[in-house]
Structures are given as structure tokens and as C-alpha cells.
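Coordinates in review
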Amino acid sequence: MRRRSARLWSVAFTALALAAGPAAAAQVCASDNGGITLPPGFCATVFADGLGHVRHLAVARNGVVYANSWSGAYYGRIQPKEGGFLIALQDTDGDGRADRVKRFGASVTAGAAGGTGVAVYDGAVYAEEKDKILRYKLPASGIAPTGAPEVVLSGLPLTGDHPMHSIVIDSKGALYVDLGSATNACQAKNRIAGEPGQVPCTELETRGGIWRYDADKTGQRFSPAERFATGIRNGEGLAADGTGVYATQHGRDQLFENWPKLYSQQQGADLPAEELLRLRQGADFGWPMCYYDGAQGKLVLAPEYGGDGKAVGICAGKRPPVAAFPAHWAPNALALYHGKQFPSAYAGGAFIAFHGSWNRAPSPQGGYNVVFQPLANGKAAGPYVVFADGFAGAYKNPGQAAHRPAGLAVGPDGALFVSDDMGGRIWRITYHGDAGAAVQPAPAPKAVAPEAVDTSRLPVPPGMTAAQVAAGEKLFRGQTCGACHGSNAKGTPFGPDLTTGRWLWGDGSMASITGVITDGVAKPKEYAGAMPPMGGVALTPAQLKAVAAYVWAVGHAGPGRP
């Protein structure tokens, strides 16, 4: 693989660095750290806000921050920001806030939808756009590229549960690309209770792993041959340093919902663990046949492949994680810390941004934070701590969270940047304390349970009672209905707002609503994720009627209600 180190930072880049502003200027921290909590000595500024669905971040050597933003099916009908989906941001006066913000790349009017992956390498910004990885040459002046991009890689798969493509480029120019799985557990009927896993799982030929390409070459086409590591359901967080290449793994969903005879509802909330992986050529991390049980500290056989929560079988030969974290927190970004600003205890460790869970109900949802995992020689060097919290605000659930961590990057001065794809905010975190301080957790924000809807204000469907509507609200909020449609039924990125009175699959009658819940929605019209029959849980006939009555009630309540 060719390395262009001799021209890595050109005269044009030197000029950009000189124009970047007073990097060493004293930082002014927000009195509330931009709404988040941090350990003693750390503080944050809101680097930028209202940017749209900001996903991953990269920082050039001159301090300019580059972000990719996304507006795919994951975000439903939410209108994207005007201009290109790629964003360049610069702080020219050293106050911790971007005063120059420029959009570039294709816009929605050109048919683009943005993406997740972004990296800076050899004088260029690399970014995901639909099925391609594009390369934009950095300009001799200004912060945003102005020329047309080159296509480095094309033909990436886009369908299914995980259509995004995270990227990282190592110091030798190897381009690593995440290709998340199209399904939850390689079932022929995705997320359907009792459905066995496919043997062989042919999806692994083109999904569920990390692929490697050459960042210096253009015109490359995706193929199974470039697969670097396999058995990774969704390795959305990627990072590389001198010790190797790392990925985070999103653990599978719906152990209880799809296999209630094997798992309790609490086990469904607590299993499986999220993972930090150290990649190797040809390594197999087990998906879909295996998942990592954090309580047992080992990989176990998935129920789709004959497992019972205890059997190990072929999983004994799969590669375990470097570290494990609570279930369903959704690790969306990874940054290895080699900056000089934070205390030495953070050197070489991993920061992980957890997007937050949707499927732990009726237990409280979790994540919506950034954790720090100490590492040494490519292995865990102690337990993780929650480094930053409070992003979600009052409610830790996908429908009501104010912010959801989605991206991480370390600046040349050692500051840590955190992006959010809900409110479009970027934080800049700095340290102003003792360089010898130990790793400490952030203060926990006050936890608030999702508010129940006052059903006394709702209409009652014909033939039903107010008591049935109230019972339906509890079931809706406590089961997977509320996970996808929001605890208040007003929608999330996974499912539509049910309070609008807009019906996509029927006429809004009790009969049609009951039919949709019973049959599920295999191919949604406006959202990426399928809805399994009964929402993926076992509902009695009485419970089905109650949930349908509640959905009817909120859909017929009128604007602004419930």
C-alpha cells in the first residue's frame, strides 16, 4: 500500500494551520458544560449547534473539524438542513466555539442523503455518501473543499437494519469500512419470534464485518474478497493506532421477545453485552451464531442456532472482545486517546459514544453517554467509567432525548469533540486540572422515568372502555411499542408519530389497527426497521384489544394531544 508521507501536509496545509487561530488561547467553559456532566477538572463548550443529524467527526492537524451528517430512512420524514451534508467547522479566536461553519458536498436537492463515516488523511477528507466512499481534496485557502470529489470505493450494500458505513484510515493508508448486518440474527424472516437462523448465513459474505481497502486508490469496487474480519453485527465505532485497529460491536436484540421460553424479560434487557473488539485479519467474532454474555463473561450460542443461554458450542472458537459494556447502549463511535491535554491516566485508552437504547423496556433505557475504557497493550487495563453524561436531558429514551452521542474525535491540542445526531450539537471537552489525576466518573444526572399519558383526556373507540384505553397505554409504554413509537406515541427514528391521525396501513378503525398489530409490518413505507407481529411480544387477546384501543385513541385525539 503506497504511502504519500512526503506530501502529507503540503504548503497549502501549512497556510491553513497558520490561519487556524490562537490554538493556545485560554478556553472559556460554559457554566453548565453545554448541558452535560463531566469528571472534576474537565469542562465543555458547545462548539456548534443546530447542525442537523451530525454523525461521525474527524479533525485535521490544523484544528478544523469535519463532520458527516445523515438524513436516511433512520430519520423518517424529518427534513434535512439546506446545503451539503458534509460540514467544516473552525474556531478562529480560541474560545472553544466554531465561528466558521461551511457546508460542502452533495445536498438533498442533488439526491444525496449524507452518511456516517468521515476521515482526514493525506490532505483530503474521506466521506461516506450512499454506497460510496468519496475523497475531497482540502483547499489551499478556506476550510471547505470546493472541487468535485473522487470515488475511492463504490458498490457498498445499503439495505437492511444497518445501512451506514463507518470508516477509519490507519497510518499506512489502509481504509477500513464497516458493513453492518442487514438483519438482527440472520433469520430468513427478520426479528420474528421462533424463527431459526439461516445455515449457512450467506449474509456474512457481504455484511456483518469489516472490509479493508487502499485509501490511496480510486475506482475500487466492493466485493467479498476484501473482507478483513467477520462476525461483527455492526462495528460502527472504528479507530486505529500503533497497537492495532479496533471496532465496537452492537449486540443483537430481542432475546426475550423472540425466545420467551428461554429468556426472562429482565434477561432481554440485560443481554447481550456491547463489545470493544481488537481486529485481526481473518478474525471471526461470532455473529450471528454467538453473542457475548457479560454476566457469564463468555460467548454463548444464540437461540437461533440451538442455544439456550448457557451452551457454548462453536462459540468457543470465536474471538472474544477486549472489553464489554451494558446491553443495548448502542456504541456508535470510538476514539483512542493519544492527546497530551488530559491526565496521563487517559493515555492510550478508548472513549466510546453510546447512542442510547430503545429496547430495554420495561426497564429504564440506558446509554446516552460517553464512557472511557482504560487500555494497555491492546487489552483492557481496568473497568470502564462513564466519562460524560446528561446528553439526553430529562428523558433517556429515543423519542424524547434532547441529544444522542453519535461521533467522537480528538483534536491536535488534545481536546475531545462529541457530536449528536438528535439536536445537531457538537461539544468540545477540555481539561484544566492536575495532570496526574486519576480516571473518575462523571456525576450522574437525575434520572426521570418516561411520563405516562393522561388517558382521561383521550376519546374512547366504539365498543371499548376508558379502562381498556388506560390499560393499553401501560402496555404500549412498557413494551416494544413505546420503544419504536416513543413512550408518548409521538414517534422516534424507528417508528412514526401515532398522534397525527395519519394512517399508512389502514383507515384508522379499530379493526385495521388490530390487524396491523397482529400481522406486523414487514416492509415499512417510510422507516427502515420492520415491525414484527404483535410488536415482537406475546400479547393475549385482551392485551391486543387494549393496545389497539390506545393507538386508536391517540390517533383520534386531535392536534396537540395527548
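To start, this report covers the structure provided alongside it. (Residues numbered from 1 in each chain as written. Predicted model: local features only at pLDDT ≥ 70, side-chain atom pairs only at ≥ 80, totals over all residues. Heavy atoms only, no water.)

1. Quick look at the overall build of the chain
Going by this rule: Runs of E in the DSSP output that reach at least two residues are strands. Runs of H or I that reach at least four are helices, and both are numbered from the N terminus. We compute the radius of gyration from the C-alpha atoms alone; for a globule the expected value is 2.2 Å times N to the 0.38, where N is the number of residues. A contact between two residues is defined here by any heavy atoms of the two lying within 4.5 Å. Residue exposure ignores everything except the shown protein chains as possible cover, and the areas themselves are Shrake-Rupley values with a 1.4 Å probe.
A count of helices and strands for the chain gives 7 helices and 29 strands. Its C-alpha atoms give the chain a radius of gyration of 23 Å, within 12% of the compact-globule value 24 Å for 562 residues. Overall, the C-alpha framework of the chain stretches about 75 × 50 × 50 Å when taken along its three principal axes. Partitioning the contacts of the chain with sequence separation of at least 6, the portion at a separation of at least 24 is 61%. With an accessible surface of roughly 21,600 Å², the chain has 55% of that area assigned to carbon and sulfur atoms.

2. Quick word on the state of the cysteines
Heads up, the rule is: Two cysteine sulfurs form what is called a disulfide whenever their separation falls within 2.5 Å. Exposed residues in this analysis have more than 50% of their type's maximum accessible area, buried residues have under 20%, and partly exposed residues fall in between, with area computed by a 1.4 Å probe over protein chains only.
By the definition in use, this model includes 3 disulfides. Note on cysteine connectivity: Cys 290 is disulfide-linked to Cys 315, with sulfurs 2.1 Å apart. Note on the Cys 290 and Cys 315 pair: the S-S dihedral is about -95 degrees, so by sign convention the disulfide is left-handed. You can see Cys 290 sitting in strand β18 (residues 290-293) and its partner Cys 315 sitting in the loop between β19 (298-301) and β20 (323-325), a full 25 residues away along the chain. By relative accessible area, which is 6% here, Cys 290 ends up buried. In the chain, the bonded cysteines, numbered by position in the sequence, are linked as 1-2, 3-4, 5-6. Note on Cys 481: no disulfide assigned, nearest cysteine sulfur contributed by Cys 484 at a separation of 8.5 Å.

3. Considerations on the environment of His 165
The test is simple: Any pair of nitrogen or oxygen atoms within 3.5 Å is treated as a polar contact; in protein, a donor-acceptor pairing is required on top of that, and neighbouring residues in sequence qualify only through side-chain atoms on both sides.
Following the sequence through the fold, His 165 ends up in the loop between β9 (150-154) and β10 (167-169). Separated by 69 residues in sequence, His 165 and Asn 234 place their C-alpha atoms 9.5 Å apart. If we skip the residues at most four places from it in the chain, His 165 touches Gly 117, Glu 128, Lys 130, Leu 156, Pro 157, Leu 158, Val 177, Asp 178 and Leu 179. A polar contact of 3.5 Å, which involves the side chain of His 165, links it to the backbone oxygen of Pro 163.

4. What to know about the side chain of Ser 512
Structurally, Ser 512 is set in helix α6 (residues 510-519). Its relative accessible area of 18% is what places Ser 512 among the buried residues. Polar side-chain contacts of Ser 512 include one of 3.4 Å to the backbone nitrogen of Gly 508. The contact partners of Ser 512, leaving out residues within four places of it in the chain, are Gly 506 and Asp 507.

5. So, the sheet that holds strand β1 (residues 42-48)
This is how the line gets drawn: Strand pairing follows a simple DSSP-based rule, namely that at least 2 bridges must link the two strands. Between N-to-C directions, angles span 0 to 180 degrees; the directions come from axes that are lines fitted to C-alpha atoms, helices contributing only their stretch in contact.
In spatial order, the strands read β1-β29-β28-β27; together these 4 strands make up an open sheet with antiparallel pairing. Only two strands of the sheet have a single partner each, and these edge strands are β1 and β27 (405-410). Between one strand axis and the next, the sheet turns by 25 degrees as a mean value, whatever way the strands run. Where β27 meets strand β28 (residues 416-420), 5 bridges bridge the pair, whose relative direction is antiparallel. Each bridged residue has a counterpart across the sheet, and for Val 410 the counterpart in β28 is Leu 416.

6. Notes on the environment of Glu 129
Looking at the secondary structure, you find Glu 129 in strand β7 (residues 124-129). Leave out the neighbours within four places in its chain, and Glu 129 touches Ala 112, Ala 113, Gly 114 and Leu 134. Polar side-chain contacts of Glu 129 include one of 3.2 Å to the backbone nitrogen of Gly 114.

7. Points about the pattern of salt bridges
Put simply, the rule reads: Any carboxyl oxygen of Asp or Glu within 4 Å of a side-chain nitrogen of Lys or Arg constitutes a salt bridge here.
According to the stated counting rule, one finds 14 salt bridges in the structure shown. Notably, a salt bridge pairs Glu 236 with Arg 55, separated by 2.5 Å at the nearest N-O pair. In this pair, Glu 236 sits in the loop between β14 (227-230) and β15 (238-241) while Arg 55 sits in strand β2 (residues 54-59), placing the two residues 181 residues apart along the sequence. There is no split in this pair, since Glu 236 and Arg 55 are both buried. Between Asp 413 and Arg 428 there is a salt bridge, with its nearest N and O atoms 2.3 Å apart. Remark: Arg 428 occurs in strand β29 (residues 426-431) and Asp 413 occurs in the loop between β27 and β28; sequence separation between them is 15 residues. Here Asp 413 falls in the partly exposed class, since its relative accessible area comes to 29%. Overall, the relative accessible area of 7% leaves Arg 428 in the buried class. Connected via shared salt-bridge partners are Asp 161, Arg 191, Arg 233 and Asp 253.

8. Describing the packing of aromatic side chains
What counts here: Only centres within 6.5 Å qualify two rings of Phe, Tyr or Trp (six-membered ring in Trp) as a pair; their planes then separate them into stacked at under 30 degrees, edge-to-face at over 60, and tilted for everything else. In our convention, an over-ring charge means Lys NZ or Arg CZ found within 6 Å of a ring centre and within 35 degrees of that ring's normal.
Taken as a whole and judged by the stated rule, the model has 26 aromatic pairs. When the centroid spacing of 5.5 Å and the interplanar angle of 80 degrees are considered together, the rings of Phe 104 and Tyr 136 count as edge-to-face. In this pair, Phe 104 sits in strand β5 (residues 100-104) while Tyr 136 sits in strand β8 (residues 132-137), placing the two residues 32 residues apart along the sequence. Using a relative accessible area of 6% as the deciding quantity, one classes Tyr 136 as buried. For the ring pair Phe 351 and Phe 372, a centre distance of 5.0 Å and an interplane angle of 50 degrees mean the geometry is tilted. On the criterion of sequence distance, the pair formed by Phe 351 in strand β22 (residues 350-354) and Phe 372 in strand β23 (residues 369-373) is long-range, its members being 21 residues apart. On the basis of relative accessibility, which here comes to 0%, the residue Phe 351 falls in the buried class. Aromatic rings pair up to connect Phe 42, Tyr 337, Phe 342, Tyr 346, Phe 351, Phe 372, Phe 387 and Tyr 431 into one cluster. Taking the ring centre of Trp 505 as reference, the NZ or CZ of Lys 525 above it sits at 4.5 Å.

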